[in-house]
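So the chains spell out like this:
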Amino acid sequence: MKKIDIYDFDKTVLPFDSGSTFAFYCFLRHPYLLFLLPFYFFDILLFITHIIGLDHFKHHIFCFVRFINLEKNVKKFWDRHEKDFYDFARKENRERESVVISASPDFLLKEAQKRLGFEHLICTRHDPKTGTLLYKNCRNAEKVRRFYEEFNKDEVEVVTVYSDSISNDGPIFSLGQNCIHVHSGARFEPFKYEDVYGERE
């Protein structure tokens, strides 16, 4: 049976949210993108007043990519931030085959996957030409569904799950024999799943 570890990405493998940081980076590099701000303000207003949900909010949140050279900007972004990856997540420090499961966009994380040498990547799918969300946001229970879309339940054993989010990542923590809550600065806090969430289903 294949033994594997699961890593959340944002604030787990690195100390910040990659999607929002990348958006900020692109707006600073390309000031003409500011013409999109009224659209974003309107979308944020709809989201915080619960008129639209998170998936709908994220549906167009990366629409700015249609106005930039995405591949070039992604590479330059990770050139700047590759040093920020926590050492424990680098290939030479990982104990076994590993998968990143993240809500961040695939067009951004594929380059990070190459640089960190993760064997598998599961994340939110976007159209790289328009930034449009192509399917569900890869978070909460959707992470588990996507995991088993890629791995046969009877052929994989999850050894350790790493995540910064106790509140959101209960579903993937439920898969692991060991659970590691990753705090700021890559400080580890191991815990028993049952002590936090109760009995596994």
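Parameters at a glance
Sequence order as written defines the numbering, with residues in each chain counted from 1. Thresholds applied to this predicted model are a pLDDT of at least 70 for local features of residues and 80 or more for the giving and counting of side-chain atom pairs; totals over whole chains, interfaces and linings are not thresholded and use all residues. To obtain the side-chain values, all non-hydrogen atoms of the structure were included, while hydrogens and water were left out. Simply put, an axis is a line fit to the C-alpha atoms, just over the touching stretch for a helix, and the angle between two N-to-C directions goes from 0 to 180 degrees. Put simply, DSSP marks the helices as runs of H or I at least four residues long and the strands as runs of E at least two long, and each gets a number from the N terminus on. Oblique is the label for any angle not covered by the other classes, which are roughly parallel (under 35 degrees), roughly antiparallel (over 145) and roughly perpendicular (65 to 115). Whether a crossing is left-handed or right-handed is set by the direction in which the near helix is turned from the far one by less than a right angle, anticlockwise for left-handed and clockwise for right-handed. Here, residues are in contact when the closest pair of their heavy atoms is within 4.5 Å. Gly is put with the polar residues, along with every residue not named as nonpolar or charged; the nonpolar set is Ala, Val, Leu, Ile, Met, Phe, Trp, Tyr, Cys and Pro, and the charged set is Asp, Glu, Lys and Arg. Between buried and exposed lies partly exposed: a residue is buried under 20% and exposed over 50% of the maximum accessible area for its type, with that area taken using a 1.4 Å probe on protein chains only. N or O atoms closer than or at 3.5 Å make up a polar contact, with two conditions inside protein: a donor-capable atom paired with an acceptor-capable one, and, for residues adjacent in sequence, both atoms drawn from side chains. We define a salt bridge as a side-chain nitrogen of Lys or Arg found within 4 Å of a carboxyl oxygen belonging to Asp or Glu. Only when DSSP finds a minimum of two bridges between them are two strands counted as paired. Seen with its strands pointing away from the viewer, a crossover is right-handed if its path from the first strand over the helix to the second goes clockwise. Patches here: salt-bridge-free residues with over 30% relative accessible area, like charges joined within 9 Å, nonpolar side chains (Val, Leu, Ile, Met, Phe, Trp, Tyr) joined within 5 Å. All accessibility values rest on the Shrake-Rupley procedure with a 1.4 Å probe; residue burial counts only the protein chains present in the view.

1. Some thoughts on the packing of helix α1 (residues 18-29) against helix α4 (residues 70-81)
Angle between the axes and distance between the axes: these two values describe a pair of packed helices. One way to put it is that α1 packs onto α4 with a least axis distance of 11 Å and a crossing angle of 110 degrees. Accordingly, the angle class assigned to the pair α1 and α4 is roughly perpendicular. In this structure, α1 crosses over α4, and the sense of that crossing is right-handed. Between α1 and α4, the contacting residues are Ser18, Thr21, Phe22, Tyr25, Cys26 and Arg29 on the first element and Leu70, Asn73, Val74, Lys76, Phe77, Trp78, Arg80 and His81 on the second. When the residues that make up the contact of α1 with α4 are grouped by side-chain class, the tally is seven nonpolar, four polar and three charged.

2. Overview of the side chain of Ser98
Counting through the fold element by element, Ser98 comes out in strand β2 (residues 98-105). The exposure class of Ser98 is buried, given its relative accessible area of 0%. Here Arg96 takes part through its backbone oxygen, which lies 2.8 Å from a polar atom of the side chain of Ser98. Ignoring any residue separated from it by four or fewer positions in sequence, one finds Ser98 in contact with Ile4, Asp5, Tyr7, Phe118, Glu119 and His120.

3. What to know about the pattern of salt bridges
A full pass over the atoms with the stated rule returns 18 salt bridges. For the salt bridge of Asp87 with Arg90, the shortest nitrogen-to-oxygen distance reads 3.2 Å. Residue Arg200 pairs with Glu194 through a salt bridge whose shortest N-O separation is 3.0 Å. Classification of Arg200 by relative accessible area gives partly exposed; the value is 31%. Classification of Glu194 as partly exposed rests on a relative accessible area of 34%.

4. Some remarks on the pairing of strand β3 (residues 120-124)
With five of its five residues buried, β3 lies for the most part within the structure. Two strands pair when backbone bridges link them, and β2 and β3 are joined in this way by four bridges, in the parallel orientation. The partner of Ile101 across the bridge, within β3, is Ile122. Crossover connection from β2 via helix α5 (residues 106-116) to parallel β3: handedness right-handed.

5. Comments concerning a nonpolar patch on the surface
A surface patch of nonpolar side chains, about 400 Å² in accessible area, is lined by Phe41, Ile44, Leu45 and Ile48. Assignment of secondary structure puts Leu45 in helix α2 (residues 37-48). Its relative accessible area of 46% is what places Leu45 among the partly exposed residues.

Remember that the coordinates give geometry; whether it matters functionally is a separate question.
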